[in-house]
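Descriptive structure summary
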Amino acid sequence: GRALALLPAKATPATPRGIHTPDGDCLGTVQLFTGCTGNAFEGRALAAARDLLLALGYRVEVPPTQGCCGALDLHAGKPEAARRLAAGNLAAFAASDAPIISLNSGCRTQLREYAALIPEGAALAGRVRDLYGFLMEHEDRLFGEEGIFRPRPPENGARRVAVHLPCTLRNVLREQGAMLALLRRLPGLEVVELEGNDRCCGAAGAHMFTHPEAADALLSPKIEAARRQAPEAIITANIGCSLHFQAGLRRAGLEVPVMTPAEWLVSQW
């Protein structure tokens, strides 16, 4: 029952695996890591990431044999299972030395720790990139006078989104700056941090399943913050946090969508 309650109201099919080619000149190649939960529940987010990279001029490869990053197994004290998954992903991404884009902060943290799991893992770990940091490296191409990103002007004044910073993003990867900077480049958008961003939302991998009362107690203040701040959407970069937030908002009767930054950016084209 707990697991069913955490399923999203709607999920879209995952981004097709294989090769996606941009129109016009190609700047280079990137590979997209989907992850198991992302593949199941974040089809729109992965499609948005693919579309942003294609619009930027990159060829996007989605390796067909990739799988789970292994984080949940490692957290559960099953290092051998995590090593097998790491070896599988190493083989899946071995045909290229292109950057590997991973949306989910939990998966990205795990991929960057492959060097500690398997001897050959350092090569893959060094290729793992944050989508928003990668996009900000092409800021002029996105937002310059001839930029490809031209968001629609707001129709009824400034819009507001509240950004949730997952623990892995804030405390381990420390990559929240690029995500916030990219969102703040959008005209007519007020970007605020969700109150209580210095504290965990309670999802914490499998914690929201194994310790439901503690997880919900951590989430409750954030749901109340969303009620007070009244954003048009909550933006987060972690699939576990997203599922946990969505379930909490439904219980509270709040109709606030939870989106990745990639989904919000593409929705403003």
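Everything below is about the structure printed above this text.
Keep in mind the model is a prediction, meaning the values are calculated, not measured.

Here we look at the sheet that holds strand β9 (residues 258-259)
Taken in spatial order, the four strands line up as β7-β6-β8-β9 in an open sheet, and their pairing is parallel. Of all strands in the sheet, those bounded by a partner on one side alone are β7 (189-193) and β9. Direction of pairing for strand β6 (residues 159-163) relative to strand β8 (residues 233-235): parallel, over a ladder of three bridges. Paired with valine 161 across the strands is alanine 233, a residue of β8.

Here's the deal with unusual backbone geometry
Of note, the phi angle at alanine 204 is positive, near 50 degrees, even though the residue is not glycine. Within the element layout of this structure, alanine 204 appears in the loop between β7 and α12 (207-210). Backbone geometry places alanine 230, a non-glycine residue, at a positive phi of 50 degrees. Relative to the helices and strands, alanine 230 is located in the loop between α13 (212-229) and β8. In this structure alanine 230 comes out as exposed when scored by relative accessible area, which is 55%.

Describing helix α11 (residues 176-184)
Along an α-helix, a turn takes 3.6 residues, which lines up residues three or four apart on a common side. Regarding α11, the residues found buried are Gln176, Met179, Leu180, Leu182 and Leu183. Buried residues along α11 cover an arc of 160 degrees about the axis, so they all sit on one side.

Quick look at the nonpolar core
Side chains of a nonpolar character, in soluble globular proteins, are inclined to be buried together. Formed by 40 residues in total, the largest nonpolar core has its most connected members in Leu131, Tyr132 and Trp264. Of the residues forming this core, the biggest block, eight residues, is contributed by helix α3 (residues 43-56). The residues touching leucine 131, leaving out its near neighbours within four places in the chain, are Ala49, Leu52, Leu53, Ile101, Leu103 and Ala262. Ranked by size, the runner-up nonpolar core spans 20 residues in total, among them Leu219, Ala226, Leu249 and Val256.

Looking at the sheet that holds strand β3 (residues 58-62)
Here we have five strands laid out as an open sheet, ordered β1-β3-β2-β4-β5, and mixed in their pairing. Bordering the open sheet on either side are β1 (18-20) and β5 (128-129), each of which pairs with just one other strand. In terms of strand pairing, strand β2 (residues 28-33) meets strand β4 (residues 100-102) through three bridges, oriented parallel. Pairing of glutamine 31 across the sheet is with isoleucine 100, part of β4. Together, β1, β2, β3 and β4 form the strand contacts of α3, whose direction differs from that of β3 by roughly 150 degrees.

Rules behind the numbers
Residues numbered from 1 in each chain as written. Predicted model: local features only at pLDDT ≥ 70, side-chain atom pairs only at ≥ 80, totals over all residues. Heavy atoms only, no water. Pairing = 2+ DSSP bridges. Helix = DSSP H or I, 4+ residues; strand = E, 2+ residues; numbered from the N terminus. Buried < 20%, exposed > 50% of the residue type's maximum accessible area, 1.4 Å probe, protein only. Arc of directions from axis to C-beta. Core = buried A, V, L, I, M, F, W, Y, C linked by side-chain atoms within 4.5 Å. Contact = heavy atoms within 4.5 Å. Axes fitted to C-alpha atoms, helices over the stretch in contact; angles between N-to-C directions.

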